[in-house]
Amino acid sequence: MSAISGATSASPPSSTNAYDSITSEDFLRIMFSELTNQDPLAPNDTKAVLDQISSIRSIESDLNLSEKLESLVAQNELAGAGTLIGKFATGLNSSGQRVGDLVLSVTATREGAILNLANGARLEMSRVEEIIDTELLDELTSAAEAEAESTVDDEN
C-alpha cells in the first residue's frame, strides 16, 4: 500500500500486528541494517539472528501452505458442485428460505461454490441438504406409470 493511499484511506488496517505484513525481503533488509550498524566491540549473537531468520522462513512456509490448501479446497468444492448439474438439489438459501430445483450451473465465489437453480434461486454448496438424481426419479415415475397401466388393464 502506498503512503498516499494509506494516508487517505478511511478503513483501519486489516491486521492488528505490524509484523504480519513483513516479508522475508523486509526482514533481511532490517537484519543487514542491524548488522551494518552494530557495535563492533559488542556484536549481536549470530545464532539468535539465524534462529530468527529460520522462524520467519518457517512461518512464511506455513502461510504459503495454508493458502495453497485453501485454494485446493475451493477447487475441490467447485468440481464437486459441477457434478450436481442436472440433478435436483434442496437446501436453505442465505436468507434461510428452503429452496430446491434442478441445478443448471455453478458459480465460483469467494464464499465458495453457488448452485444456480432452474427456478432462479441460488444455493450455497455448503447449505445443500439433499441431492436427487433426476434419472432415478424418471425411472421410478415410469415404473409407477407402467404399474398403474397394468392395474387398469387387469381391471378391464
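Located above this text is the structure these notes cover.
Keep in mind that this is a model prediction, so the values were computed, not measured.

A. Region of the structure containing the overall build of the chain. On a plain count of helices and strands, the chain comes out with four helices and five strands. In the chain, the succession of α and β elements from N to C terminus is α-α-α-β-β-β-β-β-α. Within the chain, the fraction of its 156 residues that count as buried is 13%. In the chain, the share of contacts with a sequence separation of at least 24, taken over all contacts with a separation of at least 6, comes to 44%. Of the accessible surface of the chain, which amounts to about 11,900 Å², a share of 55% is contributed by carbon and sulfur atoms.

B. Local environment of helix H2 (residues 24-37). Its 14 residues give H2 an end-to-end C-alpha distance of 20 Å, which sits within 8% of 20 Å, the value for a rise of 1.5 Å per residue. What H2 keeps buried is the set Ser 24, Phe 27 and Met 31. Taken end-on, H2 shows its buried residues confined to a sector of 60°, consistent with a single buried face. Pointing more than 90 degrees away from the buried face of H2 are the exposed residues Glu 25, Phe 32, Thr 36 and Asn 37. Looking at the packing, one finds that the buried side of H2 touches helix H3 (46-82).

C. Summary view of the nonpolar core. Counting ten residues, the largest nonpolar core consists of Ala 81, Leu 84, Ala 89, Val 99, Val 103, Ala 113, Leu 115, Leu 117, Ala 121 and Leu 123. Those elements giving two or more residues to this core turn out to be strand S2 (98-109) and strand S3 (112-117). Among the elements that make up this core, the one with the highest residue count is S3 (three residues).

D. Structural view of the side chain of Asn 93. Within the element layout of this structure, Asn 93 appears in the loop between strand S1 (88-92) and S2. At 2.9 Å, the side chain of Asn 93 forms a polar contact with the backbone nitrogen of Ser 95. What Asn 93 contacts, discounting residues up to four positions off in sequence, is Val 99, Arg 122, Leu 123 and Arg 127.

E. Molecular detail of the packing of H2 against H3. At a minimum axis distance of 11 Å, the contact between H2 and H3 shows a crossing angle of 170°. Looking at the two axes, H2 sits roughly antiparallel to H3. Here Ser 24, Phe 27, Leu 28 and Met 31 of H2 lie close against H3, whose contacting residues are Val 49, Gln 52, Ile 53, Ile 56, Arg 57 and Glu 60. For the contact of H2 with H3, the class distribution of residues is six nonpolar, two polar and two charged.

F. Quick look at a nonpolar patch on the surface. Together, Leu 28, Phe 32 and Leu 35 give the surface a local cluster of nonpolar side chains, amounting to about 280 Å² of exposed area. Here Leu 35 shows up in helix H2.

What counts and what doesn't
Residues numbered from 1 in each chain as written. Predicted model: local features only at pLDDT ≥ 70, side-chain atom pairs only at ≥ 80, totals over all residues. Heavy atoms only, no water. Helix = DSSP H or I, 4+ residues; strand = E, 2+ residues; numbered from the N terminus. Buried < 20%, exposed > 50% of the residue type's maximum accessible area, 1.4 Å probe, protein only. Contact = heavy atoms within 4.5 Å. Areas by Shrake-Rupley, 256 points an atom, 1.4 Å probe, with all protein chains shown as cover. Expected span 1.5 Å × (residues − 1). Arc of directions from axis to C-beta. Core = buried A, V, L, I, M, F, W, Y, C linked by side-chain atoms within 4.5 Å. Polar contact = N/O pair within 3.5 Å; in protein donor to acceptor, adjacent residues only side chain to side chain. Axes fitted to C-alpha atoms, helices over the stretch in contact; angles between N-to-C directions. Parallel < 35°, antiparallel > 145°, perpendicular 65-115°, else oblique. Nonpolar A, V, L, I, M, F, W, Y, C, P; charged D, E, K, R; others polar. Patch = residues over 30% accessible without salt bridge, like charges linked within 9 Å, V, L, I, M, F, W, Y side chains within 5 Å. Salt bridge = Lys/Arg side-chain N within 4 Å of Asp/Glu carboxyl O.

In short, shape yes, function no, at least from these values alone.
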